[in-house]
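Each chain, written out:
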Amino acid sequence: MNSREESSTNSTRGEGAARRLASVSRQGATASASDKQPALSDRVSTVERLFPEMMMEAVVDEANMERAWQKVRSNRGAPGPDGIILDKFIAWFRPRWSLIRRQLLDGTYRPSPVRRVSIDKPDGGTRQLGIPNVLDRVIQQAILQILTPMFDPHFSDSSHGFRPNRSAHGAMKQVQRSIKSGGKYVVDMDLSKFFDRVNHDVLMNRIARRVSDSLLLKLIGRYLRAGVIVDGELQPSTEGTPQGGPLSPLLANILLDDLDKELENRGLPFVRYADDFVIFMKSERAARRVFSSVQRYLTEHLRLVVNATKSKVVPRQELEFLGFRVLGRYFRIRISDKSLQRFKRRLRELTGRSWGVSMERRLSELRSYLRGWAGYFCLAMELKLFDRLDQWIRRRLRMCFWKRWRHARTRSRELMRLGVPRRQAIRHAKSRKSYWHMAKTIASGVGFTNAFLAELGLLSLKHLWNELAPLRRTA
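Residues numbered from 1 in each chain as written. Predicted model: local features only at pLDDT ≥ 70, side-chain atom pairs only at ≥ 80, totals over all residues. Heavy atoms only, no water.

Engineer: I'd like to hear about the overall build of the protein chain, residue by residue, with values.
Structural biologist: Tallying secondary structure elements over the protein chain gives 21 helices and 10 strands in all. Out of the 475 residues in the protein chain, the part that is buried amounts to 50%. Within the protein chain, residue pairs in contact and separated by at least 24 positions form 72% of the contacts whose partners lie at least 6 positions apart. (Helix = DSSP H or I, 4+ residues; strand = E, 2+ residues; numbered from the N terminus. Buried < 20%, exposed > 50% of the residue type's maximum accessible area, 1.4 Å probe, protein only. Contact = heavy atoms within 4.5 Å.)

Engineer: Explain the sheet that holds strand β5 (residues 233-235) residue by residue, including any values.
Structural biologist: Pairing in this open sheet of 4 strands is mixed, and the strands run β2-β1-β4-β5 from one edge to the other. Both edges of this open sheet fall to β2 (126-131) and β5, since each of them pairs with a single strand only. Strand after strand, the sheet turns through a mean of 45 degrees between neighbouring axes, direction not considered. Across 2 bridges, strand β1 (residues 114-120) lies against strand β4 (residues 228-230) in parallel orientation. Looking at β4, one finds that Val114 is bridged to Val228. (Pairing = 2+ DSSP bridges. Axes fitted to C-alpha atoms, helices over the stretch in contact; angles between N-to-C directions.)

Engineer: Give me the sheet that holds strand β3 (residues 185-190): which residues, what numbers.
Structural biologist: Pairing in this open sheet of 4 strands is antiparallel, and the strands run β6-β7-β3-β8 from one edge to the other. With partners counted over all chains shown, the strands left at the sheet margins are β6 (270-273) and β8 (312-315), one partner each. Recorded for the sheet is a direction-independent mean angle of 20 degrees between the axes of neighbouring strands. Bridging between β3 and strand β7 (residues 276-281) involves 6 bridges; their strand directions are antiparallel. Across the sheet, Met189 pairs through a bridge with Phe277, a residue of β7. Together, β6 and β7 form the strand contacts of helix α11 (residues 248-266), whose direction differs from that of β6 by roughly 175 degrees. Most of the contacts of helix α12 (residues 284-300) go to β3, to which it runs at about 25 degrees, and overall it touches β3, β7 and β8.

Engineer: Describe the nonpolar core, with residues and values.
Structural biologist: Residues Ile143, Leu147, Ile207 and Ile279 are the most contacted members of the largest nonpolar core, which totals 73 residues. For this core, the element with the most residues is helix α7 (residues 134-151), which contributes 11 residues. If near-sequence neighbours (up to four positions away) are discounted, Leu147 is found in contact with Val211, Leu216, Ile220, Leu247 and Leu250. Residues Ile179, Leu350, Ala374 and Leu418 belong to the second largest nonpolar core, which totals 56 residues. (Core = buried A, V, L, I, M, F, W, Y, C linked by side-chain atoms within 4.5 Å.)

Engineer: Give a description of helix α14 (residues 359-377) that names residues and reports values.
Structural biologist: Its 19 residues give α14 an end-to-end C-alpha distance of 26 Å, which sits within 8% of 27 Å, the value for a rise of 1.5 Å per residue. Taken as a whole, α14 has its buried residues at Met359, Arg362, Leu363, Leu366, Leu370, Trp373, Ala374 and Phe377. All buried residues of α14 project into a common sector of 105 degrees when viewed along the axis, lining one side. For α14, the exposed residues set more than 90 degrees away from the buried face come down to Glu360 and Ser368. Summarising the contacts, the buried residues of α14 are in contact with β9 (324-327), β10 (332-335), α13 (337-350), α15 (383-405) and α21 (461-467). (Expected span 1.5 Å × (residues − 1). Arc of directions from axis to C-beta.)

Engineer: I'd like a description of the packing of aromatic side chains, backed by residues and values.
Structural biologist: This model, assessed by the stated rule, comprises 15 aromatic pairs. Centre to centre, the rings of Phe343 and Tyr369 are 6.0 Å apart; their planes meet at 20 degrees, and the pair counts as stacked. Note that Phe343 is positioned in helix α13 and Tyr369 in helix α14, a separation of 26 residues in sequence. Ring centres 4.2 Å apart and planes at 35 degrees place the aromatic pair Phe343 and Trp373 in the tilted group. Highlighted residues: Phe343 in helix α13 and Trp373 in helix α14, separated in sequence by 30 residues. The exposure classification of Phe343 matches that of Trp373, with both residues buried. Aromatic ring contacts, followed pair by pair, group Phe324, Phe343, Tyr369, Trp373, Tyr376, Phe377 and Phe386 into a single cluster. The ring centre of Trp392 lies 5.6 Å from the NZ or CZ of Lys344, which sits over that ring. The side chain of Arg395 reaches across the aromatic face of Trp436, ending 3.9 Å from its centre. (Phe/Tyr/Trp six-rings, centres within 6.5 Å; stacked < 30°, edge-to-face > 60°. Lys NZ or Arg CZ within 6 Å of the ring centre and 35° of its normal.)

Engineer: Can you lay out the pattern of salt bridges for me, pointing to particular residues and giving the numbers?
Structural biologist: Scanning all chains against the criterion turns up 12 salt bridges. For Asp258, the salt bridge identified is with Arg206, shortest N-O distance 2.8 Å. Remark: Arg206 occurs in helix α9 (residues 200-207) and Asp258 occurs in helix α11; sequence separation between them is 52 residues. We note that Asp258, like Arg206, is buried. Salt bridges linked by common partners bring Arg206, Arg209 and Asp258 together as one network. (Salt bridge = Lys/Arg side-chain N within 4 Å of Asp/Glu carboxyl O.)

Engineer: For the side chain of Glu414, give the residues involved together with the corresponding values.
Structural biologist: You can see Glu414 is positioned in helix α16 (residues 408-417). A distance of 2.8 Å separates a polar atom in the side chain of Glu414 from a polar atom in the side chain of Arg417. (Polar contact = N/O pair within 3.5 Å; in protein donor to acceptor, adjacent residues only side chain to side chain.)

Engineer: Give me helix α6 (residues 97-106): which residues, what numbers.
Structural biologist: Residues Trp97, Ile100, Leu104 and Leu105 constitute the buried set of α6. Projection of α6 onto a plane perpendicular to its axis shows the buried side chains occupying an angular sector of 130 degrees, all on one side. Just downstream of α6 lies Gly107, where phi reads positive at about 80 degrees.

Engineer: So what's going on with the packing of α9 against helix α10 (residues 214-224)? Which residues, and what values?
Structural biologist: Relative to each other, α9 and α10 sit at 155 degrees, their axes nearing to 11 Å. If you check the angle between α9 and α10, you find them roughly antiparallel. The crossing of α9 and α10 is right-handed. Residues His200, Leu203, Met204 and Ile207 of α9 form the contact with α10, whose participating residues are Leu217, Ile220, Gly221 and Leu224. Partitioned by chemical class, the residues of the contact of α9 with α10 number 6 nonpolar, 2 polar and no charged. (Parallel < 35°, antiparallel > 145°, perpendicular 65-115°, else oblique. Left-handed = near helix turned anticlockwise from the far one by under 90°. Nonpolar A, V, L, I, M, F, W, Y, C, P; charged D, E, K, R; others polar.)

Interpretation note: all reported values are geometric properties and have no functional meaning in isolation.
Below is the structure:
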């Protein structure tokens, strides 16, 4: 078919899209005895069954696009290369939507390149992110909402990353069960720069197994090849799916689902979270044999690179996965040493004496970090550890106050205001001992009680651990 005929076909398809979607909606409404409108996922499945070649119309459906915009706005995020921020996007978008929609339906829409951003990785090195324009984030989110109900039900139960109603907690609980079931040795494999090295042809082949809409496939391919802007220069993207867009995690799961099915067919117990996965074996010899065969499968079938330095076979006591470990005769989930080191390093930054911010700002940032950290690591059965960390944090805050007051007269005045006897306050105010030492003195302990610091807004990790107990029911 020549280009003129293809354009005519796509134009005709776009004109009939709204009429067919309305027909599908009416069918769903008639089939239901309730007055409620069918859920979008139900409409998507109906469209997929009746018109598998018109999934693009479901993407640009008004309700789907509105839900996509709400999701992108709630995620916030930095602007892309065009500089349009979220607050100004709607005003920019409304007069252009009819044209953009028509381009999406006739196959002429061209995604913009992403903006390259580098962030530090917790274990050293940098991670390359690609920040799309807000418009492309909304379109990618709209595609994600259509593809998720098509692909996710077919994913493995051992896959936990970036999926609805699944989390790292579920992955760790499955790791715990696998170890309890006799997994003495673990194949811990690391994919080298996975998101930067995804082969486009291999990925598109796997997407096409369930998506028959040529326009949607073409649009996804264009997103993969949209290019990257680095230091103001456009660079082509011949491989990889840049982290930073809403669609990238689903595409990663689609590609790695072949690995999941291969491991299931072999009967190997495994747990995967995004591109991190571990396989459990009962002997070291079997683990090394599986290591070699899985490495060969990843290289030959998925064209991925295994990081030989970080990939290894380890006894289950040495496994660190998603920041946790499983230790002891009762196989309790614990926080890894590296995670604790990162936590303390960040706390030292937030409570550093030289950080010249107000105490209100310091406490606000501290609350936000502690709540997020406790929400993730509350899975660990370590109440005593959380209590010790609380004591350490309170001491560091007392040290910040002591440094902030600086002069002996100010220190004695503030201590007396907190209820410390005058003679004791003056003696401690004149002390030449270190800030860290003074943070533990009787005067500081009497003045800066736990209740006083709580009134200032300091959260207790121990209390948060108790509040989040339901998340540990099976851990």
